[in-house]
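As a plain string of letters, each chain reads:
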Amino acid sequence: MGARSITSGGEAILAAANETDLNTTETIMPDADSHEAYFRAVLTELYAGNFEPFNAAIAEDYICHTPGRSSIAGDYHGTEQAEVKRPKMRALTAGSFKVRKLGDICISGDWAMVPVVVSAEAGDTRLETPAFGIWRFRGDKIVEHWEMNFDQYGFDAFVAAAEAQGR
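Residues numbered from 1 in each chain as written. Predicted model: local features only at pLDDT ≥ 70, side-chain atom pairs only at ≥ 80, totals over all residues. Heavy atoms only, no water.

Right, let's get into the environment of Ala-41. Mapped onto the secondary structure, Ala-41 falls in helix α2 (residues 32-47). When the C-alpha positions of Ala-41 and Pro-53 are compared, they lie 8.6 Å apart, and in sequence the two are 12 residues distant. (Helix = DSSP H or I, 4+ residues; strand = E, 2+ residues; numbered from the N terminus.)

Moving on, we come to the layout of surface pockets. Computed from the structure, the largest pocket encloses a volume of approximately 630 Å³. Around the largest pocket, the lining comprises 28 residues; the ones closest to its centre are Phe-51, Gln-81, Phe-97, Lys-98 and Val-99. Broken down by secondary-structure element, the contributors of at least two residues to the lining of the largest pocket are α2, α4 (80-92), β3 (98-101), β5 (111-122), β6 (125-138) and β7 (141-149). Top element by residues in the lining of the largest pocket is α4. It accounts for five residues. The class makeup of the residues in the lining of the largest pocket is 14 nonpolar, eight polar and six charged. (1 Å grid on protein atoms, 1.4 Å probe; cavity = no way out; pocket = protein on both sides within 12 Å on 5 of 7 lines; lining within 4 Å. Points joined across faces, edges and corners; volume = space filled by probe spheres on them. Nonpolar A, V, L, I, M, F, W, Y, C, P; charged D, E, K, R; others polar.)

The subject of this paragraph is the pairing of strand β1 (residues 58-66). Buried residues dominate β1, accounting for seven of its nine residues. Looking at chain direction, β1 and β7 are connected through four bridges and run parallel. Residue pairing across strands places Ile-63 opposite Glu-144, the latter belonging to β7. Pairing of β1 with strand β2 (residues 74-77), which is carried by four bridges, proceeds in the antiparallel orientation. Its bridge partner lying in β2, Ile-63 is registered against His-77. (Buried < 20%, exposed > 50% of the residue type's maximum accessible area, 1.4 Å probe, protein only. Pairing = 2+ DSSP bridges.)

The next point concerns the pattern of salt bridges. All told, the structure shown has seven salt bridges when counted by the stated rule. In this structure, Glu-147 engages Lys-85 in a salt bridge whose closest nitrogen and oxygen atoms are separated by 2.3 Å. Of this pair, Glu-147 sits in strand β7 while Lys-85 sits in helix α4, and the two are 62 residues apart along the sequence. The exposure class assigned to Lys-85 is buried, which follows from its relative accessible area of 8%. Residue Arg-136 is joined to Glu-144 by a salt bridge in which the shortest nitrogen-to-oxygen separation is 2.9 Å. Assessed through its relative accessible area of 19%, Arg-136 is described here as buried. Here Glu-144 falls in the buried class, since its relative accessible area comes to 8%. (Salt bridge = Lys/Arg side-chain N within 4 Å of Asp/Glu carboxyl O.)

Set out below in structure tokens:
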């Protein structure tokens, strides 16, 4: 019996990463400093609650990967995150859902990682869990985001409890 490969659907990303010489000191973009500053500003505004710069920066083929088994879980394409996911989370939590930046926005080339705390309340149920936001850029656009909750089971249980309370 041969080995089995399990992938997350990012084969093209992995192929591109395998072709990258990680030992090079060349800049990925001609103006890497302004590229990094631009995305740092967009993500800083996003985590401060201002969605306007983020909405302007997402690519048409943007995908937000939300893990878990709750009704919130899934891949949101394009503007679905703004039109479907955010309103659903606001309704479930009576607007209390927050993602707060905990540390520095770490950017390297077309990738970023942001340590955050996710918190919300629904009736007498409270959620507070550390997480990471992983981001991928292409040119001047945000093309992908992975939400990485430290306690995914706790997040899913919170969503289920909020739904059971009729929110």
